[in-house]
Amino acid sequence: AQTVTQSQPEMSVQEAETVTLSCTYDTSESDYYLFWYKQPPSRQMILVIRQEAYKQQNATENRFSVNFQKAAKSFSLKISDSQLGDAAMYFCAYRMGGATNKLIFGTGTLLAVQP
Amino acid sequence: DGGITQSPKYLFRKEGQNVTLSCEQNLNHDAMYWYRQDPGQGLRLIYYSQIVNDFQKGDIAEGYSVSREKKESFPLTVTSAQKNPTAFYLCASSWTNTDTQYFGPGTRLTVL
């Protein structure tokens, strides 16, 4: 069975600095998708970034980028120039390719941004 | 505005009562999903629906029921058979059953 592990329950970063959140996953599949979602205090889940496993190039979205290491089954999120609004719970999620759209979530990392 | 709405935001229920959580989307998405979130855990899938009048159980379907009579609506009923219903419930939708899922604002259910 596929699993997603986020080993950092909490992280802290200074405003304007860079922080990296870790995520590892376990799967025997070759076709899958990985996601980072942000959950601010409002608790609405917001898509941050998405990575297709067949793509070697790391996905980027403005200040957010990933380091996707397929062989190591690692999918870390880097937030550059951190802002106070980045403070939230961040969840890593895995989805197998094909007809199913079941998301498997990690337990989350709570990010604090210090002014 | 296009989006996913969930109501109510907060819901209180007495033990032994059924309660229905609403989820509506005007994004014209085909697929819809219900997740449950407990403290210290990620989201877990309760039910999902790929098309109207069809739905499948997720990982924790026991004690829950759903219907999908309209494309834009996917209500979740928490029945008295659900042993520990107090949780945060999130609804999501996607264009197809293989596309990125987008989430609603959630409903906090508390059993008194």
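Our subject is the structure that appears above.
Undergrad: Describe in detail the nonpolar core, supporting the description with residues and values.
TA: Y25, W36, F75, L77 and Y90 of chain A are the most contacted members of the largest nonpolar core, which has 26 residues in total. Listing elements by their share of this core, those giving two or more residues are strand 3 (19-21), strand 5 (32-39), strand 6 (46-52), strand 8 (64-69), strand 9 (74-79), strand 10 (88-96) and strand 12 (109-114) of chain A. In terms of residue count, the dominant contributor to this core is strand 10 of chain A (four residues). In this structure, L76, A87, C91 and L109 of chain B belong to the second largest nonpolar core, which totals 20 residues.

Undergrad: Explain the state of the cysteines to me, using residue names and the numbers behind them.
TA: Under the counting rule described, the total for this entry stands at two disulfides over all chains. Here C23 of chain A connects covalently by a disulfide to C92 of chain A, the sulfurs 2.0 Å from one another. Here the disulfide of C23 of chain A and C92 of chain A is left-handed, its torsion about the S-S bond being about -70°. Residue C23 of chain A is located in the loop between strand 3 and strand 4 (24-26), and its partner C92 of chain A is located in strand 10; the two are separated by 69 residues in the primary sequence. Considered together, C23 of chain A and C92 of chain A belong to a single accessibility category, that of buried residues. For C23 of chain B, the disulfide goes to C91 of chain B, at an S-S distance of 1.9 Å. Sign of the S-S torsion, about -70° for the bond between C23 of chain B and C91 of chain B, identifies this disulfide as left-handed. In this pair, C23 of chain B is assigned in strand 3 (residues 19-25) and C91 of chain B in strand 9 (residues 87-94), connecting sequence segments 68 residues apart. Owing to a relative accessible area of 1%, C23 of chain B belongs among the buried residues under this scheme.

Rules used in this analysis
Residues numbered from 1 in each chain as written. Chains lettered and ligands numbered in written order. Predicted model: local features only at pLDDT ≥ 70, side-chain atom pairs only at ≥ 80, totals over all residues. Heavy atoms only, no water. Core = buried A, V, L, I, M, F, W, Y, C linked by side-chain atoms within 4.5 Å. Buried < 20%, exposed > 50% of the residue type's maximum accessible area, 1.4 Å probe, protein only. Helix = DSSP H or I, 4+ residues; strand = E, 2+ residues; numbered from the N terminus. Disulfide = S-S within 2.5 Å.

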